[in-house]
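This is what each chain is made of:
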Amino acid sequence: MLTPLGVSCVVCTVLLGYPASFLGQAQPPSGQASRNDCKTHSGDVKRDKAAQCYDFEPIRQLIQRKLAENAVPSMAVAVAKDGRILWEQGFGWADRESRTPATADTIYSLASLTKPFTATGVMELVGEHKVDLDAPIDKYIAPAVLTYEGEWRKASVREVLSHTAGLPTFYCFHYESENDPMVSMQETIRRYGLVAHKPGSVWEYTNLGYGILDYMTSRISGLSWADYMRSRVFLPLKLQRTTVGITPEVQKLVAPRYDDQTHHRLPPFDFDHRGASAIYSSVHDVVRFGMFQLKDHLPDQQRILADSAIDEMMRPANAEAFSGTQHKKLYGLGWYIETDHGYETVGHEGAMVGSTTILKLFPNENLAIAVLTNTFNEWAVVDVQQQIAAAVLPKYAAALHTATPTPPTPPAPTKLLGDLVGHWAGKVQTWMSTIPITLECKPDGDIHVKLGDQLESVLNEVEYQDGNLVGRFAGNIATEDAMRHPHSVVLNVWLEKNELRGEASAATWDTELNYFELPSYVELSRGEGRK
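First things first, this report covers the structure right here in the doc. (Residues numbered from 1 in each chain as written. Predicted model: local features only at pLDDT ≥ 70, side-chain atom pairs only at ≥ 80, totals over all residues. Heavy atoms only, no water.)

### Considerations on unusual backbone geometry
Consideration 1: Between Ala142 and Pro143 the backbone carries a cis peptide bond, its omega angle lying at 15 degrees.
Consideration 2: Inspection of the secondary structure assignment puts Pro143 in the loop between α3 (138–141) and β5 (147–148).
Consideration 3: A positive phi angle, near 55 degrees, is found at Lys238, a position not held by glycine.
Consideration 4: When you line up the elements, Lys238 lands in the loop between α7 (225–234) and β8 (242–244).
Consideration 5: A positive phi angle, close to 50 degrees, is found at Asp466, a residue other than glycine.
Consideration 6: Within the secondary structure, Asp466 is located in the loop between β20 (460–465) and β21 (468–473). (Helix = DSSP H or I, 4+ residues; strand = E, 2+ residues; numbered from the N terminus.)

Shown next as structure tokens:
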């Protein structure tokens, strides 16, 4: 899940003094000398006769404060407008232990920012008429097939791309230091490729779907997914420091991941769902990818997608689906679609242990902003991205500085859970066995859970919205893979008439390292009488 090779130009590095000590180490650099705030970057983007300058110094100071506060070990930023890169710069130590400063060419784990790259690769196959967006994805992944828990039509490729196929929340990290081998994607699909909801009806963000898409891409192309992405996406777009996984060629260029709580270096890890999470890239390459998606038609980039395909990716595909307790955002094919302080935007974030990233596009302003860091800190990354947008767009700055945050509405469990009050009984269907489960939803809002012969537990962290009940309880899912690590169980079910259907997932939220969220199908019916 890392990225790229060569660099398009060599720049002088200036190391400035840094005012605060960092965990007893030498002071980290305040940033590589910024490239071309008012000039084009080494001839690889369009030249503007009237190049405008922007003041990014307050953002440099903001990033330096975050470094001083230990919010992030390093950060790399880039901004492009109207077909040229205005500014790109690295700050802090990319690798603390070796005192390697971050630059615009440092390679970071993109986490879920991988998804628009994966979707771009799929859309190439669509353009070649090798994939039909509205055909069942089973057509392209056989002999692997999804498991359907209802008598529904098959989920389409478009629905997998837009997280509306009915697939569950899923992730699985495999750490290099652990005896925790990965299984094949065909086996992962057999175990966890369950369609728990009518395709198109529910929007549930799932890494599994994008893992299935990389598997589909490989099967159709006859190449490994890494080779396909390199030959069909990265090289044609001249993304020279972008790669799937950490290859030997780029290993020394990669910023290692650090834990956001302990600040310790994390051991390397890989994924079952590489198409969701496994691309690595530099901020220079990420912003160039954004420029391609803005149709800037850079002279050294091949037009691997028609402009109409780019438009299709940025068109909402989940508008009719329910989101339940998930914060509803419009989602296209690999892109979030939002209105941000008065501007129409598309983009994607990546956020997981050891990595936070964002690429934000303002299509009407032909503006792309990328921010990458090697720890988990969503607030720091989004804050920097917004301040860059404000430095370029005066109306955005005015809206950002006058906006007042809306306080969250406190939950009212008793009222919200009224239609669930009573006794529910059913099963959890794992890939290895069937386990009985009961819920007792009490009038005061408490929910008691009994899973198999385990002790009865209380459902905690309860959310309920639009018929979607989510919570977590003490228990375990006794499958071979889940039992490798201590975990609790996340319940995520939807009310359909007198049934609750969805998933019960083994999740390692309370462990030192984050390993997995592994879903099993759950179905409950209301018992006789209400209590």
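### Description of the sheet that holds strand β15 (residues 367–373)
Consideration 1: Spatial ordering of the open sheet is given by β3-β2-β1-β15-β14-β13-β12-β11, a layout of eight strands whose pairing is antiparallel. Since the sheet does not close on itself, it has two edges, and those belong to β3 (100–101) and β11 (330–331), each with one partner.
Consideration 2: As judged from the two bridges shared by strand β2 (residues 84–95) and β3, these two strands associate in the antiparallel manner. Bridged to Asp95 within β3 is Thr100.
Consideration 3: Helix-sheet contacts for helix α1 (residues 57–68) involve β1 (74–81) and β2, and the interaxial angle to β2 is about 15 degrees. (Pairing = 2+ DSSP bridges. Contact = heavy atoms within 4.5 Å. Axes fitted to C-alpha atoms, helices over the stretch in contact; angles between N-to-C directions.)

### Considerations on the pairing of β20
Consideration 1: Taken together, the four bridges between β20 and β21 define a ladder with antiparallel strand orientation. Within β21, the position partnered with Tyr464 by the bridge is Leu469.
Consideration 2: In textbook terms, the turn of a hairpin is the stretch between consecutive antiparallel strands, and for β20 and β21 this stretch comprises two residues, one of which, Asp466, has a positive phi near 50 degrees.

### Concerning helix α5 (residues 185–192)
Consideration 1: Across the eight residues of α5, six count as buried, placing the element largely inside the fold.
Consideration 2: If you check which residues of α5 are buried, you get Met185, Glu187, Thr188, Ile189, Arg191 and Tyr192.
Consideration 3: Looking at the buried positions of α5, the neighbouring elements they touch are α3, β7 (194–195), α6 (207–221) and β24 (516–526). (Buried < 20%, exposed > 50% of the residue type's maximum accessible area, 1.4 Å probe, protein only.)

### Some thoughts on the sheet that holds strand β10 (residues 279–282)
Consideration 1: Taking strand neighbours across the sheet as the criterion, the three strands line up as β4-β10-β8 in an open arrangement whose pairing is antiparallel. Taken across any chain shown, the strands that pair with only one partner, and hence form the sheet edges, are β4 (107–109) and β8. Neighbour to neighbour, the strand axes of the sheet diverge by 25 degrees on average, direction disregarded.
Consideration 2: Pairing geometry for β8 and β10, over three bridges, is antiparallel. Across the sheet, residue Thr243 finds its bridge partner in β10, namely Tyr280.
Consideration 3: In this fold α7 packs onto β8 and β10, with an angle of close to 155 degrees to the strand it touches most, β8.
Consideration 4: Across the sheet, helix α9 (residues 283–293) touches β8 and β10, and the angle it forms with β10 is around 100 degrees.

### Let's talk about α6
Consideration 1: Helix length check: α6 (15 residues) gives 21 Å between terminal C-alpha atoms against 21 Å at 1.5 Å per residue, within 8%.
Consideration 2: Counting buried residues in α6 gives eleven out of 15 residues, a clear majority hidden from the surface.
Consideration 3: Along α6, the positions that sit buried rather than exposed are Asn207, Leu208, Gly209, Tyr210, Gly211, Ile212, Leu213, Asp214, Tyr215, Met216 and Thr217.
Consideration 4: Looking one or two residues beyond α6, the residue adopting positive phi is Gly222, at roughly 80 degrees. (Expected span 1.5 Å × (residues − 1).)

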